[in-house]
Amino acid sequence: ASPRHSGVILLGGTGDLARKYLWQALFDAFMRREVPVGGGEGEEQRPWMFTLFAGGSSHASVATNRLKDIFDNNVKCADRHGSSSVCEAKKGEFFTKVTYFQLHLGEDYGAMCESMLRSLNQDKTATKEVLLYLAVPPSVFRPALKNFKAECKFGDDKVSVKIVLEKPQGQDWASADKLSEELLKMFKEEQLYRTDHYLAKSVVTNILPFRAANPQLEKLLNRDYVDRVEIFMKETVGVEDRYSFYNDMGVIRDVFQNHLTQLLTLIALDLPVNLTNIPSAIEQAKLQVLKRVIRASQPSTLLGQYATYTFEAAKEIPESNITALVPTFAAVMLKLRSPRWLDVPFLLVSGKKLDERSSYIRIIFKDNDVCVSNCAEADHHTAHSADQKQQQTSEHHHRPHHQYHVPRSSKKQIVFHIGHGPAKIPLISMSRSLLEPEYPDSLEEVFDPEVFSKEHSYYGDYPQNFYHATPVNNADAYSTLIEEVLQGRRQHFVSTKQLLLAWQVWDNVLAFYPSRVPRVYDAGDPASLLNFVVRGDNLEFAAEDQKQDGMKVVPELHQLHQAQTPATFLGRRMVSGTKEGLAVQLAREIEQAAESEIASKGVFHVAFSGGTTPVLLWQMLAQSFASEYWVHVHVWQVDERCVRAAADTHSNLFQLDRQLLRFVAVPWSHVHAMPVDVAGRLCDPELQGDRQYADSIRHALPNLQFDFVVLGLGADGHTASLFPQSPALNADSQTLVTVTEQGPKDTPRRMTMTLPLINRAKRVAVLVTGVDKEGILNQLEDSGGGIKMGVVDKFPILGVNPGNGTLSWFIDYEAYFGKEDFFFAEE
Ligand SMILES: O=C1O[C@H](COP(=O)(O)O)[C@@H](O)[C@H](O)[C@H]1O
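The structure contained in this document is the topic of the report that follows. (Residues numbered from 1 in each chain as written. Predicted model: local features only at pLDDT ≥ 70, side-chain atom pairs only at ≥ 80, totals over all residues. Heavy atoms only, no water.)

### Remarks on the overall build of the chain
The cut-off we apply is this: Secondary structure counts use DSSP, requiring at least four H or I residues in a row for a helix and at least two E residues in a row for a strand, with both numbered from the N terminus. Any residue under 20% of the maximum accessible area for its type is buried, any over 50% is exposed, and the rest in between are partly exposed; the area is computed with a 1.4 Å probe on protein chains only. Computed with the Shrake-Rupley method and a 1.4 Å probe, the accessible areas treat only the protein chains shown as cover for residues.
The number of helices and strands found in the chain is 25 helices and 32 strands. A buried classification covers 56% of the 827 residues belonging to the chain. Carbon and sulfur atoms make up 51% of the accessible area of the chain, which totals about 35300 Å².

### Comments concerning helix α10 (residues 243–268)
Note the threshold: Here the bend at a residue means the angle between the axes of two seven-residue stretches, the one that ends at it and the one that starts at it.
Helix geometry: α10 is bent most strongly at G250, by close to 100°. Of all 26 residues that make up α10, 23 are buried, and the element is covered over most of its length.

### Quick look at helix α5 (residues 138–151)
The criterion, for reference: By this rule the span expected of a helix is its residue count minus one, scaled by 1.5 Å. What makes two residues a contact is simply this: any of their non-hydrogen atoms within 4.5 Å.
With 14 residues, α5 ought to run about 20 Å at 1.5 Å a step, and its terminal C-alpha atoms sit 20 Å apart, in line with that. Buried residues belonging to α5 abut β1 (4–11), α4 (106–120), β4 (127–134), β5 (159–165) and α6 (173–186).

### Details of the sheet that holds strand β2 (residues 48–56)
Short version of the rule: At least two DSSP bridges between two strands are needed for those strands to be called paired. In this analysis, axes come from line fits to C-alpha atoms, helices being fitted only over the stretch in contact, and the angle between any two N-to-C directions falls in the range 0 to 180 degrees.
In space, the six strands of this open sheet follow the order β3-β2-β1-β4-β5-β6, with parallel pairing throughout. Strands with a single pairing partner mark the edges of an open sheet, and in this sheet they are β3 (98–102) and β6 (192–194). Strand-to-strand, the axes of this sheet are offset by a mean angle of 20°, without reference to chain direction. As paired elements, β2 and β3 share five bridges and run parallel to each other. Paired with G55 across the strands is F101, a residue of β3. Contacts between helix α2 (residues 60–73) and the sheet are confined to β2 and β3, with β3 contributing the most and set at about 145° to the helix. Running over the sheet, helix α14 (residues 477–487) touches β1, β2, β4, β5 and β6 and is turned about 140° from β4.

### A few points about the site of the ligand
For the record, the criterion: Whether a residue is near a molecule or strand depends on its heavy atoms: if one lies within 4 Å, it is near. We define a polar contact as two N or O atoms separated by no more than 3.5 Å, with the added condition that, inside protein, one atom must be a possible hydrogen donor and the other a possible acceptor, whereas residues neighbouring each other in sequence contribute only through side-chain atom pairs. Each residue gets one label: Ala, Val, Leu, Ile, Met, Phe, Trp, Tyr, Cys and Pro are nonpolar, Asp, Glu, Lys and Arg are charged, and the others, such as Gly, are polar.
Around the ligand, the structure places K167, H197, Y198, K201, M233, E235, R242, D254, V255, H259, K352 and R357. One of the side-chain N or O atoms of K167 is found 2.9 Å from an oxygen atom in the ligand. The separation between an oxygen atom of the ligand and a polar side-chain atom of R357 is 3.0 Å. If you tally residues by element for the shell around the ligand, the top one is α10, at three residues. Broken down by class, the residue content of the shell around the ligand amounts to three nonpolar, two polar and seven charged.

### So, the packing of aromatic side chains
Here is the rule we go by: Whether two aromatic rings pair depends on their centres lying within 6.5 Å, for rings of Phe, Tyr and Trp, where Trp uses its six-membered ring; planes under 30 degrees apart make the pair stacked, over 60 edge-to-face, and the rest tilted. Two thresholds decide whether a charge sits over a ring: the Lys NZ or Arg CZ must be within 6 Å of the ring centre and within 35 degrees of the ring normal.
Applying the stated rule across the entire model yields 26 aromatic pairs. Aromatic pair F71 and F95: ring centres 4.7 Å apart, planes at 40°, arrangement tilted. Taken together, the positions of F71 in helix α2 and F95 in helix α3 (residues 84–96) put the pair 24 residues apart, joining distant regions of the chain. Overall, F95 belongs to the partly exposed group, its relative accessible area being 24%. Aromatic rings pair up to connect W23, F27, F30, F50, F71, F94 and F95 into one cluster. Looking at K201, its charged tip hangs above the ring of Y198, at a distance of 4.6 Å from the centre. Sitting over the ring of Y467, R432 keeps its end group 4.3 Å from the ring centre.

### Considerations on unusual backbone geometry
With omega at 5°, the peptide bond leading from K167 into P168 counts as cis. Here P168 shows up in the loop between β5 and α6. Unusually for a residue other than glycine, D343 sits at a positive phi of about 70°. By secondary structure assignment, the location of D343 is in the loop between β10 (329–336) and β11 (346–351).

### As for the sheet that holds strand β32 (residues 806–812)
Spatial ordering of the open sheet is given by β20-β21-β32-β31-β28-β22-β23-β25, a layout of eight strands whose pairing is mixed. Every other strand in the sheet has two partners, leaving β20 (568–569) and β25 (671–672) as the edge strands with one partner each. The pairing of strand β22 (residues 604–608) with strand β28 (residues 708–712) spans three bridges and is classified as parallel. Each bridged residue has a counterpart across the sheet, and for V606 the counterpart in β28 is F708.

### Considering the state of the cysteines
Quick note on the threshold: Disulfides are defined in this document as cysteine sulfur pairs within 2.5 Å.
Applying the stated criterion across every chain, the model contains three disulfides. Linked covalently through their sulfurs, C77 and C87 form a disulfide whose S-S length is 2.0 Å. Here C77 and C87 share a disulfide; its torsion about the S-S bond, -95°, makes the bridge left-handed. Of this pair, C77 sits in the loop between α2 and α3 while C87 sits in helix α3; the two residues are 10 residues apart in sequence, bridging distant segments of the chain. Disulfide pairing is shown between C642 and C683; the S-S distance is 2.0 Å. Taking the sign of the torsion about the S-S bond as the criterion, the disulfide between C642 and C683, at about -85°, is left-handed. A residue pair is termed long-range when its members are at least 10 positions apart, and C642 in the loop between β24 (639–641) and α20 (652–659) and C683 in the loop between β27 (681–682) and α21 (689–700) qualify at 41 residues. You'll find C642 and C683 in the same group, each marked buried.

### Concerning the environment of L165
Considering the arrangement of structural elements, one finds L165 in strand β5. Given a relative accessible area of 0%, L165 falls into the buried group. Along the backbone, L165 and F493 are 328 residues apart, and their C-alpha atoms lie at a distance of 9.8 Å. Beyond its immediate sequence surroundings of up to four residues, L165 is in contact with L134, F141, L145, L183, L192, Y193, R194 and T195.

### A word on the pattern of salt bridges
Applicable threshold: The term salt bridge refers to a side-chain nitrogen of Lys or Arg lying within 4 Å of a carboxyl oxygen of Asp or Glu.
Counted under the stated rule, the structure contains 39 salt bridges. Ionic pairing is found between R80 and D28, a salt bridge with its closest N-O pair at 3.1 Å. Placement of R80 in the loop between α2 and α3 and of D28 in helix α1 (residues 16–34) is noted, with a sequence separation of 52 residues between them. Look at R80 and you get partly exposed, because its relative accessible area is 41%. Close ionic contact of E235 with K352 constitutes a salt bridge, the shortest N to O distance being 3.0 Å. Linking E235 in the loop between β7 (226–234) and α10 with K352 in the loop between β11 and β12 (358–365), this pair joins segments that are 117 residues apart in sequence.

### Structural notes on the packing of α10 against helix α15 (residues 496–512)
So the rule is basically this: Orientation categories follow fixed angle ranges, with anything under 35 degrees roughly parallel, anything over 145 roughly antiparallel, 65 to 115 roughly perpendicular, and all other angles oblique. In this scheme the crossing of two helices becomes right-handed for a clockwise turn of the near helix relative to the far one and left-handed for an anticlockwise turn of less than a right angle.
Closest axis-to-axis distance for the α10/α15 pair is 10 Å, and the angle between their directions is 130°. By the angle between their directions, the pair α10 and α15 is classed as oblique. For the pair α10 and α15, the crossing hand works out as right-handed. Residue-level contacts link I252, R253, F256, Q257, T261 and Q262 of α10 to Q498, L499, A502, W503, W506, V509 and L510 of α15. When grouped by side-chain class, the residues that make up the contact of α10 with α15 number eight nonpolar, four polar and one charged.

Structure follows, in structure tokens:
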């Protein structure tokens, strides 16, 4: 076989990640090939050369010293590397292979890549690749990749390129989507290796093999048998020296969107039956799960922050930049919209400065066994039966007899001990009362009870009541990741589709993140303030915080503001609250209206405006609206931008679909999209899309009366796409829909319902949120409302005046009170 030559460029080569994990992982890869002992990839006996470059912004002399320090203190020889003297010699050799490049400008990349190419071309017969590992902050991704793409033309020399990217990949769905789009313009999906080091932890890589080896277990992994799944990642450390990073991230972005969501997919996915094409079948199965996750909601999310957070953050970042409410702890209950897992709570929990360091997944089974006779004996028998069976089969399984008493089993569960915690080594533990497991070759059974700390009770049971197995290969996660990249295997990496779907799960939580006061806890949570209970779809902290519960601040100020806001605005009903509170309240009112209309006439017609204001409302509706109603609901658009409807993120329909429609059972034939894009012709007057839409309305609603219309308010007083001074404001009663040209610069052409149509609605709600609406609300109040000459031309919203229907203003505190930070108003 021809030799292989891997050129590794480690950007951020002297950084934290490189120091702690990456150089060791690269050394492991090097040693596996140099001295193939102890788990070396057997097939790789052919020569495999490495050229190692480190890149960074420091001056070469400084960086070289740092690299030396890393090699002296962080890269270690271990048993797996064979003889220690040989290993030490190899370590020296490895270090001499590393060349550092200071990278600022495009030309620096050019020089580095030329040098790499020279090295790779030394052996013309070798199969060559370049592996660019970006162990750098996200702000460096784009410039680094652009320079690399522009300056490094490896393709001409038949050198394949792999790009390894660390998290975070974006801050939310939109930014991740943008970044992915840019990446995919430069590289192919198969070239991208997005790391999630949890996917490479030894127990985690064994979840699917373990499931596959136990087909009887598969029959139990569903809503009939599983009570709940706990996915925990507890840490004792704080944010340490990463405050400037963590300040923008918080715990949800840091570990929920990636590690914990990925772990959930591995438990929840339908094990592919077609084992011939495993990686792509697993990819598809994971995507299916991610599509079915019902996004987290406010009531199913608890947030916390350790007491010293802001104090410690202030040592690293300017106080004015500190995000005071950033959570360092969260507990979130997710559920899946799938027949297999419907209503099974997946409890995801993670936090810093907690009482112990422990990462595990625990599948807890329902207690479905009902004993009728000889129950005391049955309990005794359950506890012993597995042992008896084991004695009978011990020859086959080589399971030794236990010498100790096996106490009564209390819970049927499987615990995947990913790291730390009561297990001293990574373990998969399964209650003996559940099943006698089979193990794949990658796991070996552990009989020694010393592998867990006995003084602890073991997740509500005794260690002896479990079968335990540990991965044969317990390599560090980064060592596994590097090996997988070298081997070109992407199963333990995150694809673009997975990344984006995972962000969608969390966008919702991120939306209320900045305005939700986390519960404050002391390091180690000695007062157990973070313990919580599951009540239906809600999570609640178990104990009231006597001392300083941040959550109390909100109700008090809420009451204060409630007292200050009147019940009417411009003579019509006004509902005030936080923007989240308003979304909940409006969703509830829409739901009640739907219930009553469906009960009386079997159908409910609702029209939504676009923009960002209704997003929270849609998210609330998607969660709270019982699915049986949606089949009777017709969804209409108040207005739409003349853009490519399905593809353009400016399109109102696109957002409506992303936030609401795809999550509910509304029949597609009930979604009435404005025909702004007909075969690529955008609001072409010849096609008369506005008249078509008006005809659909006449057809579906002969009395032209919508049951509910949700409007917004622009800072200039516009509503729907009826802008100040627009001729559309003068539409006669026969013109139900029209096209206007007066929108803002980015999307001036819009299709919109007209005032005569809106004013026929049974219920109209105007949703106004955000501080930038304070000015227009003041102007409207100053105008005194009412229809005076010219006032509608100036403030189109004042033309909304349903003749036979109700009009309610939903105005949030920020819009009503302006800039004041209402959470801390009393400080
Ligand atoms: O990705 C991350 O994980 C670490 C914890 O990883 P572990 O392998 O030590 O369990 C966490 O501390 C960090 O905040 C997060 O970014």
